[in-house]
Structure formats: structure tokens, C-alpha cells
2 protein chains.
Amino acid sequence: MRLAELSRRSGVPTATIKYYLREGLLPPGRRVTATQAEYDDAHLKRLRLVRALIQVGRVPIASAREVLTALEDESLDHNSRLGTAVWALPHGPEPAEDESAQESQEAARRTVDALLARLDWEFAQEYGDESPAYRMLVTAVGTMARLGYPCAVDDLAPYAHAAQQLAVADLDLIERFDSPDEQLEAAVALTVLYEPVLLGLRRIAQTEESNHRYGQRSTGE
Amino acid sequence: MRLAELSRRSGVPTATIKYYLREGLLPPGRRVTATQAEYDDAHLKRLRLVRALIQVGRVPIASAREVLTALEDESLDHNSRLGTAVWALPHGPEPAEDESAQESQEAARRTVDALLARLDWEFAQEYGDESPAYRMLVTAVGTMARLGYPCAVDDLAPYAHAAQQLAVADLDLIERFDSPDEQLEAAVALTVLYEPVLLGLRRIAQTEESNHRYGQRSTGE
């Protein structure tokens, strides 16, 4: 298909598609004349993932390129492609750099390690600091500790149990896709796309729980 | 205490505190000389909340000001203060505005309404579109539908059940604070502060679940 059809079928404006092509987020089409190129279903699918990352996930262009490069890296097995792709996604605020922050980061690391040990999450314990999600968690817990908000192992445990159930739901969705390539793409896209779903549902559920506990008093929404 | 001590005790640089004062995120201190003001524990606590919102929650200055104004609005009851404050928090990407987006938003609204009805979440059904969390959810579901990712009521239900458990954990944490004012502040702060905790835990749990299902194959991290 030509650029105009790719735009029509994807719902992405041609100017945006041209921008993605220039930025290397979309592979070039097959050139048919000096000014025209031909695109295929692979472009359409790739465009869908790029939109998910950039529009919903607010993933910066450079990170999106890194994610996509990992997904296509033929030198890696399925496993490593996915790991590298998800690790390239943004992982929230970086830790503060002053001295008191470093202390609370150390304490947060001990809390997170104790939590992972209690949950028997082996992979996370093995990879520790190499994993961006682990560092994201340590940063968040360290900030809470510094600000004096509750974040002990017992406080975090219910969130970890909920996360376990979410992971089951995530993998059930991913398994619906047939080919390994589609599963890879879906794993990255659904990791990002379900984040606002989850945060929105949590805020709504807070109101419901508050009304359940306090009658007409509203907390959360 | 003087500005220098407020800075030392809060860990926030004096230049940043002055910026928050100028932006109205922190009430002015009691002026003691032409160049010096005196701050108290209320400033320290407020500073803690401002840091949570801006540093972790990436809340824009204008929204943070709106949140804080609501928390202090004496004309509102406890309830309405909290509702207004949480509603002023950012709620993720705005819906796209083209025509095909509007169609998928309408379909997404029907999906979300069916989900809320199935869960018997009464408050959310009553407030619907007035609630920013509801609109956030509709936008996220609409985007997924447009991109062709799974987001039917049955797909969303496990996420909603996890959200219910999260809300119980959230309210348990908030109830640890004694006074109504502290609970208000904690409700806003913990809504924001636990978001990266939850997203980090979910990504870690994905890897664990993947290893549980597929042995050495890694999904998620």
C-alpha cells in the first residue's frame, strides 16, 4: 500500500508517519518510483506498536527506538529480545543524588530485598540492580522513606500480591497472540497500555472502598 | 525555623523552597525582619507533600497548586476536599481528537460502563464522566481498541479485581494517620507515591510468572 493508505488504515496522519520514518521507528518502504514507496502489513503492525509506546506510554523517541531495535535483533533469542525491549522502556523518576538520598536508597534496597525474599521471587533476587524495574522500585521506596510515608515490607506486601495477580492476567493476554513475534510485540505493548488502565481502576476502586467503609464519605475520587 | 533549617530538615535546597514559595505551593513564612521569615512544622509537612507530587508524581506546578488549594479549602467538607484534590491530579494522556478516535471512545465507554456494572461499583457508575479516573480509563481502553489490543470486559475484569485489593491496602495505609488533615494529605501523597511502586512490582512479577510458566524463558524483565 502507499503512504496515504497506510495513514488511512492506521489512523496516523501522513506527516506523523514521515516523522517516524525519519526517526527510524518505522522501517523504510520498498521504493517503487523516485518519490513513492510501498508499505505492507508489517508496517501497519509496527505503526500500531509505535503509537502505543509514544501516545499512551509517553515513551521518548530514543527509548522507543531502543525497544524496537531489541525486538528485531536477530542475534538474540526470543527471551533476550523481550528482556532487552522491556528494559529499554522508561522506568519512572531517577533517584535523587544528594547524600541523604543515597542513605535512604540503601535502606530502601534492604527493604526491597527483604520483600523479594519473602515472596520467593527468585529471578528478581538474582538480577537485582541490573533490572530497571528493581531500581524503579528501590527509588520509589527510598523517596517514600525520606518523605516519612509508610513503606516497610509489611506495607508493600499487599501491593506485591496484587502485582502477582496482574502478572498472571498479563501473561494470559499475551498468550492469546499466536506467533512468537506477535507475542513479543504484545508483551511490550500491553505492559505499557495496561498501566493507565490499572492506575485509573485503582483510583476508582479507592472511592468505592471508601464509600464501603465510611458510607457517604469519599476518599480517592 | 529559618529558611536554612527548613532546607536542612526537609532535604530540599533553599533555591527550590524559594521557587515553591514564589509559585504559591508553600504558604509564606511569618516575616520577622525585612529579609527573614520564620517557618514551622506545617511548612515542613507541606514541603513533603509538594516533593511527593512534583518529584515522584511528575505533577505539573499548576495541578499541584490546584491539589493543595483543594486540601485547604475551608468551604468544603473533608470529603469534598479530598475528592477535589485527587480529581486535580494528572490522569494520563488526553483522548485523541480525530473522528475514528471518537468512535472508539464511545465503544470504550460502553465497555467501561459494563465493567463497572458487573463489579457493582455504584459510585463510579453514578459519577461517570465527571470523574477524571473514569475518563482516564475510557481513554486507555479506547486507544487499545483502536490499536487492536485485547480490552473487552472479560480482559479488564482481572485488573479491576486487583484494583479492589489495592484500594483496601491504600485505605489501610491512610487510616494509620491520626488527624483528618493528615489523612487528607496522606491520601493524595500515597495515591501518587504508590504508582511507581505498583508499576515496578508488576514488571518484576511478570518475569517471575513467565519463569514459572516457561522455565528459563523470560518475559517482562
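Residues numbered from 1 in each chain as written. Chains lettered and ligands numbered in written order. Predicted model: local features only at pLDDT ≥ 70, side-chain atom pairs only at ≥ 80, totals over all residues. Heavy atoms only, no water.

Within an unreviewed UniProt entry, the label attached to chain A reads MerR family transcriptional regulator, and the organism entered is Streptomyces alboniger.

K.L.:
How do you make sense of the layout of surface pockets when you look at a structure like this?
P.N.:
Computed from the structure, the largest pocket encloses a volume of approximately 940 Å³. The wall of the largest pocket is formed by 31 residues, among which Arg58 and Leu199 of chain A together with Gly57, Arg58 and Leu199 of chain B lie closest to the centre. When its residues are assigned to classes, the lining of the largest pocket shows 19 nonpolar, 6 polar and 6 charged. (1 Å grid on protein atoms, 1.4 Å probe; cavity = no way out; pocket = protein on both sides within 12 Å on 5 of 7 lines; lining within 4 Å. Points joined across faces, edges and corners; volume = space filled by probe spheres on them. Nonpolar A, V, L, I, M, F, W, Y, C, P; charged D, E, K, R; others polar.)

K.L.:
Please clarify how unusual backbone geometry should be interpreted in this entry.
P.N.:
One can expect most non-glycine residues to show negative phi and most peptide bonds to be in trans. Residues and elements named next belong to chain A. A positive phi angle is found at arginine 58, which is not glycine, with a value near 50°. With respect to the element layout, arginine 58 can be found in the loop between α3 (41-56) and α4 (61-72). You can call arginine 58 exposed: its relative accessible area is 55%. Unlike most non-glycine residues, aspartate 120 shows phi in positive territory, near 65°. Mapped onto the secondary structure, aspartate 120 falls in the loop between α6 (99-119) and α7 (122-127). The class of aspartate 120 is exposed, set by a relative accessible area of 52%. (Helix = DSSP H or I, 4+ residues; strand = E, 2+ residues; numbered from the N terminus. Buried < 20%, exposed > 50% of the residue type's maximum accessible area, 1.4 Å probe, protein only.)

K.L.:
Mind showing me how you'd approach the UniProt feature "domain: HTH merR-type" (unreviewed entry) in chain A here?
P.N.:
Following the UniProt record, one finds the feature "domain: HTH merR-type" (unreviewed entry) at residues 1-70 of chain A. Note that residues 1-70 of chain A is 61% helix and 6% strand, and that its end C-alpha atoms are spaced 26 Å apart. (UniProt positions renumbered as here; feature names shortened; annotations may be inferred.)

K.L.:
Before we go on, may I ask you to explain the side chain of aspartate 155 of chain B in this structure?
P.N.:
Of note, aspartate 155 of chain B is situated in helix α9 (residues 153-174). Of the residues examined, aspartate 155 of chain B reaches a relative accessible area of 10% and is grouped as buried. A polar side-chain atom of aspartate 155 of chain B sits 2.2 Å from a polar atom in the side chain of arginine 176 of chain A. When sequence neighbours within four positions are dropped, the list of residues in contact with aspartate 155 of chain B reads Leu173, Arg176 and Tyr194 of chain A together with Pro150 of chain B. (Polar contact = N/O pair within 3.5 Å; in protein donor to acceptor, adjacent residues only side chain to side chain. Contact = heavy atoms within 4.5 Å.)

K.L.:
Can you help me understand the pattern of salt bridges in this one?
P.N.:
Pairs can form between side chains of opposite charge whenever their charged atoms are close. Across all of its chains, the model carries 36 salt bridges over all chains by this definition. Where aspartate 155 of chain B meets arginine 176 of chain A, a salt bridge forms, and the shortest distance between an N and an O atom there is 2.2 Å. Of this pair, aspartate 155 of chain B sits in helix α9 while arginine 176 of chain A is found in the loop between α9 (153-174) and α10 (180-214), placing the two residues in two different chains. For arginine 202 of chain A, the salt bridge is made with aspartate 170 of chain B, and the minimal N-O distance between the two is 2.8 Å. With arginine 202 of chain A in helix α10 and aspartate 170 of chain B in helix α9, the pair connects residues from two separate chains. A single burial state applies to arginine 202 of chain A and to aspartate 170 of chain B, both of which are buried. One salt-bridge network, held together by shared partners, links Glu5, Arg8, Arg9 and Asp41 of chain A. (Salt bridge = Lys/Arg side-chain N within 4 Å of Asp/Glu carboxyl O.)

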